[in-house]
Structures are given as structure tokens and as C-alpha cells.
Amino acid sequence: MTGASGKRIVRGEVPAPGFDLGYTLGSGQVFRWGRGTDGWWKGIAYNTVLHLHQDGETIGYRASSQIVETYIGSMQVPKFLEWYLRLKEIPKFRAARDDTYLRTARKKLKGFRFVRQDPFECIISYVLSVQAHMNLTKQRINWISKSFGRPVVFGKEKYWTFPDPDILANQDGPLFRKQRFGLRSERVPMAAQCVASQLEEHDDATLGDWRNVVDDLKGIPGTGVGLKVGKCIDLFALDRLGAVPVDTWVLKLAREW
């Protein structure tokens, strides 16, 4: 089958024992995924359109490309999905015997994974997420993508890649204020400028490079990357699985429990 652009749609399956696609993509950790009326999860990650559907312990996929480019190199779609969704990684989550809340959550959310998000998209996503509900954050991320990203035609649908740091770095606060980004209007281009500057000499940034970038952002006023946002990026994009982001809801539950 080919899309409207003439490119062949890549199809296949990957094994996913003990994995739950709905818990993982519907948890609120990612902002560019949604479940269609046909039951398929549809999104774009690392500039590749992906449609995913789980049937038992198998994930069926449709993709806009056979190769996905990431910060650890190029991957065929099956390998990428294993890496991106952590399909072969069994989470180790210890909870005290008398902690009924965490033990219940662990049992109920069996199959959940933290995905490996694109670092720059994750940075901007969580800068925008502060004091904003998820749907509003999605709207803002989609507006940025449609305004500054590249279109990807997939079947009868159109998606947009997330722009590179230097593209957002060349924008200014008033542009985002017109879109009612509020306090984040200056923080988005400021964060992008800092990222673009630090990666200027890195043609192919590694995970270590991205960790250094985010660690530096945490100490730069005006970027919107404070303690909580920094922990989110650590956890959702930088393989720092020991990070614990604490927002007002987590703090409220911790106090009540």
C-alpha cells in the first residue's frame, strides 16, 4: 500500500510480551500520540509517522519509513520500536510491603513503560506543560510543529516533524504571545537558543551530549527548565530512570498518604 505522497507504507509486527501499549502511550508522558476511532495509536516520533496496534503480546505497526534516525544511530522500524517502547526491558519497581498504594499501582499498571522521547521535543514539551493541562500542551506542540516542522504525508493524513533547535531559536517571544503561550512565550525561544548554541559543534549529538545540555539548562534562568521540568526530561528522554518529577499532584498525594 502506498500513501498519497507515493511512498510505500512499511508494515510489520514486533513481539511485546508483558507490555501494554495503551498504558504507555495514554499515560500523559508523550504529547504527539492519540488513539484513533479504528483503535490504532497514531503519532510521530523521531520524524517518522507510526501507527501502532496491540493484539495480545504483539504490536502491529505501519510506518512512513523503513529507517528511523535517532541519537544512537539509524534503526530499522522493529529495532526502533523495541528501543523506543522498551519492549524487552522488564521494569524493576520495589514497593514496601505496607505501602498499599504503590503496590496497587504496580499491579494495576503492569505493562507500562517510559518511552525514549526525542530530547529536544521533550525539552520544549515540558517547558510548555508547566501550569497547562495536557490538551493545551498538545495544541501548542502541534502548532509549533505545523508552523516550523516539515509535513509528512501518510496515507490520507498529514503529520509534521518537530523543528530543529536552530529554527525555534530564531523566533521571538511576541510570536508565541500571539498564540497565548503566556509566560512560556520567551522561554521556548530561550531554551531553543541555549540548546542550539551548545550543540553547534555536535553534528550528531549523543545521549551524553544531550544530558550535558539539559544539566546546563537547569542552571540557566529563563529557559523554563527548573527542577521539576528537568526531572521530567531526565526520565522521559535521557534514560535517567531514577529521576522522580514532583509536581503539585504528586506532592499532594505524598502528603495525604
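Basis of the calculations
- Residue positions within a chain follow its written sequence, with the count starting from 1.
- The predicted nature of this model means local features are confined to residues of pLDDT at least 70 and side-chain atom pairs, given and counted, to a pLDDT of 80 or more, with totals for whole chains, interfaces and linings taken over all residues.
- Each side-chain value is worked out from all heavy atoms of the structure, with water and hydrogens disregarded.
- The way it works is that DSSP assigns letters per residue, a run of H or I at least four long becomes a helix, a run of E at least two long becomes a strand, and they are numbered from the N terminus.
- The globule rule is 2.2 Å times the number of residues to the power 0.38, and the radius of gyration it is compared with is taken over C-alpha atoms.
- Accessible area is worked out with a 1.4 Å probe on protein chains only. A residue is then buried under 20% of its type maximum, exposed over 50%, and partly exposed in between.
- The contact criterion used throughout is that any non-hydrogen atoms of two residues lie within 4.5 Å.
- Charge assignment: positive for Lys and Arg, negative for Asp and Glu; neither His nor the chain ends contribute.
- Positions of charges follow a simple convention, taking NZ of Lys, CZ of Arg, CG of Asp or CD of Glu.
- Two strands qualify as a pair provided that DSSP identifies no fewer than 2 bridges between them.
- Whenever a helix is involved, its axis is fitted only over the stretch in contact; in every case the axis is a line through C-alpha atoms, and angles between N-to-C directions fall within 0 to 180 degrees.
- A side-chain nitrogen of Lys or Arg and a carboxyl oxygen of Asp or Glu constitute a salt bridge if their distance falls within 4 Å.
- Reported orientations rely on four angle classes, namely roughly parallel under 35 degrees, roughly antiparallel over 145, roughly perpendicular from 65 to 115, and oblique for the rest.
- Left-handed describes a crossing whose near helix is turned anticlockwise from the far helix by less than a right angle; the clockwise case is right-handed.
- Note on residue categories: nonpolar means Ala, Val, Leu, Ile, Met, Phe, Trp, Tyr, Cys or Pro, charged means Asp, Glu, Lys or Arg, and polar means any other residue, Gly included.

This brings us to the overall build of the chain. A tally of regular secondary structure across the chain gives 11 helices and nine strands. Scaling as 2.2 N^0.38, a compact globule of 257 residues should have a C-alpha radius of gyration of about 18 Å, and the chain matches this with 19 Å. Along the longest, intermediate and shortest principal axes, the C-alpha atoms of the chain span 55 × 50 × 35 Å. A buried classification covers 45% of the 257 residues belonging to the chain. Within the chain, counting contacts between residues at least 6 apart in sequence, those at least 24 apart form 58% of the total. Charged side chains of the chain number 38 positive and 28 negative; the gap between the two group centres comes to 7 Å.

The buried fraction of helix α10 (residues 227–237) amounts to eight of the 11 residues, a majority that puts the element mostly inside the structure. The secondary structure elements touched by the buried residues of α10 are α4 (119–129) and α9 (207–217). Backbone geometry just after α10 places Asp-239 at a positive phi near 60°.

If you trace the five strands from one edge of the open sheet to the other, you get β1-β5-β4-β3-β2, paired in antiparallel fashion. The open sheet has two edge strands, β1 (10–15) and β2 (33–35), and neither has a second partner. Averaged over all pairs of adjacent strands, the angle between their axes in this sheet comes to 25°, without regard to strand direction. Two strands pair when backbone bridges link them, and β2 and strand β3 (residues 41–45) are joined in this way by three bridges, in the antiparallel orientation. Its bridge partner lying in β3, Arg-35 is registered against Trp-41.

With that out of the way, let us pick up unusual backbone geometry. Of note in the backbone geometry, Arg-86 takes a positive phi value of approximately 55° without being a glycine. Looking at where Arg-86 falls in the secondary structure, it is placed in the loop between α2 (77–84) and α3 (100–108). One non-glycine residue with positive phi stands out, namely Arg-180, at about 60°. Inspection of the secondary structure puts Arg-180 in the loop between α7 (173–177) and α8 (184–198).

Looking now at the environment of Ile-9. Topologically, Ile-9 is positioned in the segment before β1. Taking the relative accessible area as the measure of exposure, Ile-9 reaches 9% and is therefore buried. Considering only alpha carbons, one finds Ile-9 and Ser-65, 56 residues apart in sequence, at a separation of 7.2 Å.

Okay, the pattern of salt bridges next. Tallied over the entire structure, the rule returns 15 salt bridges. Linking Asp-239 and Arg-116 is a salt bridge whose minimum nitrogen-to-oxygen distance equals 3.1 Å. Taken together, the positions of Asp-239 in the loop between α10 and α11 (248–256) and Arg-116 in the loop between α3 and α4 put the pair 123 residues apart, joining distant regions of the chain. When its relative accessible area of 25% is taken as the criterion, Asp-239 is described as partly exposed. What makes Arg-116 buried here is its relative accessible area of 9%. Here Lys-252 makes a salt bridge to Glu-256, at a shortest N to O gap of 2.6 Å. With Lys-252 and Glu-256 both in helix α11 and four residues apart, the pair spans about one turn of that helix. Classification of Lys-252 as partly exposed rests on a relative accessible area of 40%. Put simply, Arg-86, Glu-89, Arg-116 and Asp-239 are held in one network by salt bridges that share partners.

Okay, the packing of α4 against helix α5 (residues 134–148) next. Each pair of packed helices gets described by two things: the angle between the helix axes and the distance between those axes. Remark: α4 packs on α5, axes separated minimally by 9 Å, with the N-to-C direction vectors making an angle of 135°. One way to sum up the angle between α4 and α5 is to call them oblique. Crossing of α4 over α5 shows right-handed handedness. Touching Ile-124, Ser-125, Leu-128 and Ser-129 of α4 are Thr-137, Arg-140, Ile-141 and Ile-144, all from α5. Along the lines of polarity and charge, the residues of the contact of α4 with α5 split into four nonpolar, three polar and one charged.

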